[in-house]
Amino acid sequence: MKAILFLITILWSMITFSQNVININETELNEDIENVLMKKLDTDSNSTSFLIWVKKEVPSHKHSTHSELIYVVEGQGIITVNGSKTNIGTGDYFRIPQNTFHSLEVLSKKPIKVLSIQSPEFFGDDRILENELKK
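The rules behind each value
- Residues numbered from 1 in each chain as written.
- Predicted model: local features only at pLDDT ≥ 70, side-chain atom pairs only at ≥ 80, totals over all residues.
- Heavy atoms only, no water.
- Buried < 20%, exposed > 50% of the residue type's maximum accessible area, 1.4 Å probe, protein only.
- Helix = DSSP H or I, 4+ residues; strand = E, 2+ residues; numbered from the N terminus.
- Pairing = 2+ DSSP bridges.
- Salt bridge = Lys/Arg side-chain N within 4 Å of Asp/Glu carboxyl O.
- Core = buried A, V, L, I, M, F, W, Y, C linked by side-chain atoms within 4.5 Å.
- Contact = heavy atoms within 4.5 Å.
- 1 Å grid on protein atoms, 1.4 Å probe; cavity = no way out; pocket = protein on both sides within 12 Å on 5 of 7 lines; lining within 4 Å.
- Points joined across faces, edges and corners; volume = space filled by probe spheres on them.
- Nonpolar A, V, L, I, M, F, W, Y, C, P; charged D, E, K, R; others polar.

Colleague: What's the story with the pairing of strand 9 (residues 112-119) in this structure? I'm lost.
Modeller: Remember that side chains alternate between the two faces of the sheet whenever the strand is regular. Counting buried positions over the 8 residues of strand 9 gives 6, a clear majority of the element. Pairing geometry for strand 2 (residues 48-54) and strand 9, over 7 bridges, is antiparallel. By the bridge assignment for strand 9, Thr 48 is matched with Gln 118. Pairing of strand 4 (residues 67-74) with strand 9 involves 7 bridges; the strand directions are antiparallel. Bridging from a neighbouring strand, Leu 69 pairs with Ile 117 of strand 9.

Colleague: Would you take a moment to explain the pattern of salt bridges for this structure?
Modeller: Opposite charge on two side chains permits pairing when their charged atoms draw close. Applying the stated criterion across every chain, the model contains 1 salt bridge. Note that Lys 55 is salt-bridged to Asp 32, the shortest N-O span being 3.3 Å. Note that Lys 55 is positioned in the loop between strand 2 and strand 3 (57-62) and Asp 32 in the loop between helix 1 (2-16) and strand 1 (36-43), a separation of 23 residues in sequence. Of the residues examined, Lys 55 reaches a relative accessible area of 35% and is grouped as partly exposed.

Colleague: Before we go on, may I ask you to explain the nonpolar core in this structure?
Modeller: When a protein is soluble and globular, its nonpolar side chains tend to lie buried together. With 15 residues, the main nonpolar core has Val 54, Val 72, Ile 88, Phe 94, Leu 104, Ile 112 and Val 114 as its most contacted residues. Those elements giving two or more residues to this core turn out to be strand 2, strand 4, strand 7 (93-96), strand 8 (102-106) and strand 9. When residues in this core are grouped by element, the largest group, 3 residues, is from strand 2. Setting aside residues up to four positions removed in sequence, Val 114 forms contacts with Phe 50, Leu 51, Ile 52, Ile 70, Tyr 71, Val 72 and Val 73. Core analysis: the next-biggest nonpolar cluster, separate from the first, contains 7 residues, Ile 33, Leu 41, Trp 53 and Val 73 among them.

Colleague: Please explain the layout of surface pockets as it appears in this structure.
Modeller: Sizing a probe to match a water molecule and rolling it over the atoms shows the empty space that remains. Its boundaries defined by the atoms lining it, the largest pocket holds a volume of some 360 Å³. As for the largest pocket, its lining consists of 23 residues, of which Ile 52, Val 54, Val 58, His 61 and Glu 68 are closest to the centre. Counting residues per element, the ones that place at least two in the lining of the largest pocket are strand 1, strand 2, strand 3, strand 4, strand 7, strand 8 and strand 9. Here the lining of the largest pocket gets 4 residues from one element, more than from any other, and that element is strand 3. Here the residues of the lining of the largest pocket are counted per class, giving 14 nonpolar, 6 polar and 3 charged.

Okay, structure coming up:
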């Protein structure tokens, strides 16, 4: 009986405390996209993680209540943050502070693939396009 309870406890702890492991280097874009595809990887009250493919560009926008961490998994582009342009490529990491306009122009032939971590949890409703503010 003790052995059965022990096995049940072990199985329960494995299920309850297991980690969701995703190899982002092996996660491929398996569809043709017009411009942007976002795949949510994980979320909790502190942050939301996305794998994002961009074929052409991301227009200038900001997040009034979120900061964003970006890691370039593959591809190349030009990131503009508060008007300052920087070339980015595979392996680059940078942070975009909250309430800061940023945009992306893709330079590579294949879509750029980035890991994006929004903090705090992101529900998709904190994206303010710069061109809409100028209207």
